[in-house]
Amino acid sequence: MTTPEHDPQGPAYGQRSDDVTAPVPTTPQQGTATQPVPASAHQGPTTTTATRRPRERRRYGDIAVASVLAALLASGGTFAAVELAGDSPATQSSSSGDTAAAETADGAARGTTVSLTGEQDWASVAEAVTPSTVSIAVAGAAGEGSGSGVVWDTEGHIVTNAHVVAGAQEVQVTLPGGRSYPAEVIGSDPSSDLATLQLGTVPDDLQPIALGDDGALGVGDPVMAVGNPLGLSGTVTTGIVSALDRPVTTQGASGDPADPGAAVVTNAIQTSAAINPGNSGGALVNAAGELVGINSSIASLPTGGAGQSGSIGIGFAIPSGKVQLIVEQLIDTGTATHAFLGVGLDNAQAEVDGATLTGAAVTQVEPGSPAEGAGMRSGDLIVGIDDDPVTSATALVGQVRERGTGDQVRVSYIRDGEQAEVTVTLAARPDEQR
């Protein structure tokens, strides 16, 4: 798949807490409507008064609308809008709870799941999940910040957003109960906005989070967000799955000096659960207390000032399937490879049987790429991948990036007014061959 810089659409980025609010361009489906601009969930060292403020394989709702929404939630760590007295960058521990270990399909102990009987018992979900969530404090040349994370395994691996730990020279992880440990970033993947930490000392009672199947989520399913918003550790909020496969573009924290803000495109879970600065890297769990996403960004309305925005009920999470795909590579090698289709893209429309379809127009096909091998041509309009519709260039980028190298996909496209389908085997991006 083409990288963001190959996308002539020029996806707009949301601003982080220290950025100026930018106008959001419209898409072919939006007409002249103005969309919310995402606000960073990265916490900054300001002080305010605290106020009280988570399927079928795929379902959609205006899939292209959020392609311009940015994840401001978590950049380089979340900067606290609430700084607790005596706390360094507002880092706190989560509340603890006694739970029994569940097992994953491979038999490894992994967190706790909650039995679903009768009315949803969110108290039990919170009790099961908070022991597996952590607060993260970072310090670097750019200053201090904080964010959230989840306990991945009993080996001491912690998963968070790449932007939470970007530029970090020191990382401190606070577990439930207040115990704090130094940690090292062993792998960071700005392209997916995921990072893995290793605790310097691994306590015997680490409780990994239970891993769920984001593919089983449906629009309207209940979910809970858990994290360290505004420095308030162990905070839980509930909501529903508002949309699935929402293509969201955010400004990343690339390790490439030539392109430090390379775009992050995520086929995200959209949720109404309140997500605020500091929630970045925290857990989005289903009603069984299983991880279905890593919270990464929010949308916010323009405020007309430089202040940091909070939740307006539109938050985004990286699906757990992609999290697992990337994190396992980061743990094994410290790096991650990404699927590659090999086309340049733009947004376009075509008519088929009297209906107008919007999709991702192929503007170029890279020599030797999977797309060339499958016979794709410049001018083709891609409108679907597997059983998932593609309504924009960004939507296709998100679909390809959530898949792994070597995966076979069915690409549906329109050529000369006729719809056709071809099977393509995705490869690793050439620039990632290390």
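Predicted model, so just to flag it, every value in this text is computed and none were measured.

Quick notes on the rules
- Residues numbered from 1 in each chain as written.
- Predicted model: local features only at pLDDT ≥ 70, side-chain atom pairs only at ≥ 80, totals over all residues.
- Heavy atoms only, no water.
- Helix = DSSP H or I, 4+ residues; strand = E, 2+ residues; numbered from the N terminus.
- Buried < 20%, exposed > 50% of the residue type's maximum accessible area, 1.4 Å probe, protein only.
- Salt bridge = Lys/Arg side-chain N within 4 Å of Asp/Glu carboxyl O.
- Pairing = 2+ DSSP bridges.
- Axes fitted to C-alpha atoms, helices over the stretch in contact; angles between N-to-C directions.
- Contact = heavy atoms within 4.5 Å.
- Core = buried A, V, L, I, M, F, W, Y, C linked by side-chain atoms within 4.5 Å.
- Arc of directions from axis to C-beta.
- Polar contact = N/O pair within 3.5 Å; in protein donor to acceptor, adjacent residues only side chain to side chain.
- pLDDT = per-residue confidence, 0-100.

A short note on the overall build of the chain
Alright, step 1. Assigned secondary structure in the chain consists of five helices and 21 strands.
Alright, step 2. In the chain, buried positions account for 56% of the 434 residues.

A word on the pattern of salt bridges
Alright, step 1. What the rule picks out here adds up to seven salt bridges.
Alright, step 2. Of the charged contacts, one joins D380 and R415 as a salt bridge, the two residues approaching to 2.8 Å between their closest N and O atoms. Taken together, the residues D380 in the loop between α4 (370-373) and β17 (381-385) and R415 in strand β19 (residues 408-415) connect sequence positions 35 residues apart. Of the two residues, D380 and R415, both sit in the buried class.
Alright, step 3. E421 is the partner of R410 in a salt bridge, and the nearest nitrogen-oxygen pair spans 3.5 Å. Placement of R410 in strand β19 and of E421 in strand β20 (residues 418-425) is noted, with a sequence separation of eleven residues between them.
Alright, step 4. Take E421: its relative accessible area is 48%, and that puts it in the partly exposed class.

Regarding the sheet that holds strand β2 (residues 133-140)
Alright, step 1. With respect to topology, six strands assemble into a closed barrel ordered β2-β3-β4-β7-β6-β5, the strand pairing being antiparallel. Each adjacent strand pair in this sheet contributes to an overall mean axis angle of 40°, direction not counted.
Alright, step 2. Relative to strand β7 (residues 194-199), strand β4 (residues 157-160) is paired through four bridges, and the arrangement is antiparallel. Note that in β7 the partner of V159 across the bridge is T196.
Alright, step 3. Contacts between helix α3 (residues 320-333) and the sheet are confined to β4, β6 (180-189) and β7, with β7 contributing the most and set at about 50° to the helix.

Some remarks on the environment of G281
Alright, step 1. With respect to the element layout, G281 can be found in the loop between β10 (263-271) and β11 (283-286).
Alright, step 2. The exposure class of G281 is buried, given its relative accessible area of 0%.
Alright, step 3. Sequence-wise, G281 and T160 are 121 residues apart; in three dimensions their C-alpha atoms are separated by 4.0 Å.
Alright, step 4. Those residues within four positions of G281 in sequence are excluded, and the remaining contacts are S148, G149, V150, V159, T160, N161, I294 and N295.

Here's the deal with the nonpolar core
Generally speaking, a soluble globular protein has its nonpolar side chains buried in company with each other.
Alright, step 1. Counting residues in each nonpolar core, the largest one holds 23 residues, and the members touching the most others are L341, L345, A360, M376, I382, L396 and V411.
Alright, step 2. Residue assignment for this core shows that the elements contributing at least two residues are β15 (343-352), β16 (355-365), β17, α5 (393-401), β19 and β20.
Alright, step 3. At five residues, the largest contribution of residues to this core is made by α5.
Alright, step 4. The contact partners of I382, leaving out residues within four places of it in the chain, are L341, G359, A360, V362, M376, V390, L396, V411, S412 and Y413.
Alright, step 5. The next biggest cluster of nonpolar side chains, apart from the first, holds 20 residues, and it includes V125, V285, L291 and I294.

A short note on unusual backbone geometry
Negative phi values dominate among residues other than glycine, just as trans dominates among peptide bonds.
Alright, step 1. One non-glycine residue, D193, adopts positive backbone phi at about 60°.
Alright, step 2. Within the fold, D193 resides in the loop between β6 and β7.
Alright, step 3. Phi is positive for D353, which is not a glycine, with a value near 55°.
Alright, step 4. Structurally, the position occupied by D353 is in the loop between β15 and β16.

Examining α5
Alright, step 1. Most of α5 sits inside the fold, with nine of its nine residues counted as buried.
Alright, step 2. Among the residues of α5, those classed as buried are A393, T394, A395, L396, V397, G398, Q399, V400 and R401.

Description of helix α1 (residues 122-129)
Alright, step 1. Of all the positions in α1, only V125, A126, A128 and V129 are classed as buried. Down the axis of α1, the buried set is contained in an arc of 165°. They therefore lie on one face.
Alright, step 2. Where α1 starts, the residue carrying a side-chain oxygen 3.3 Å from the main-chain nitrogen of A123 turns out to be D121.

Describing the confidence of the model for the chain
Alright, step 1. Averaged over the chain, the pLDDT score is 75; the fraction of residues at 70 or greater is 67%.
Alright, step 2. Averaged over each element, pLDDT in the chain is lowest for strand β1 (residues 37-39) (36) and highest for β4 (98).
Alright, step 3. Considering only residues more than four positions removed or in separate chains, one finds that residues 1-108, a stretch of pLDDT under 50, has 386 contacts.
Alright, step 4. Confidence drops under pLDDT 50 across residues 255-261; counting only partners more than four residues distant or on other chains, this segment forms nine contacts.

A word on the pairing of strand β3 (residues 143-151)
Alright, step 1. Among the nine residues in β3, seven count as buried, and that is most of the element.
Alright, step 2. Both β2 and β3 contribute to a ladder of eight bridges, which runs antiparallel. Pairing of A137 across the sheet is with S146, part of β3.
Alright, step 3. Taking the residues between adjacent antiparallel strands as the criterion, β2 and β3 are bridged by two residues.
Alright, step 4. The pairing of β3 with β4 spans two bridges and is antiparallel. Bridging across to β4, V151 finds its partner in I158.

Let's talk about the pairing of strand β12 (residues 291-300)
Alright, step 1. Extensive coverage of β12 is indicated by the burial of ten of its ten residues.
Alright, step 2. Sheet topology places β11 next to β12; three bridges connect them, and they run antiparallel. When the sheet's bridge partners are listed, V285 is paired in β12 with L291.
Alright, step 3. A loop of four residues connects β11 with β12, the two strands running antiparallel in sequence, and G289 in this loop sits at a positive phi of about 80°.

Looking at the environment of D193
Alright, step 1. In this structure D193 comes out as buried when scored by relative accessible area, which is 6%.
Alright, step 2. Sequence separation of D193 and T250 is 57 residues, and the distance between their C-alpha atoms is 9.4 Å.
Alright, step 3. Contacts of D193, omitting those with residues within four sequence positions, involve T160, N161, A162, H163, V264, S296 and I318.
Alright, step 4. Of note is the side chain of D193, whose polar atom sits 3.1 Å from the backbone nitrogen of A162.
Alright, step 5. Reaching out from D193, the side chain makes a polar contact with the side chain of H163 at a distance of 2.8 Å.

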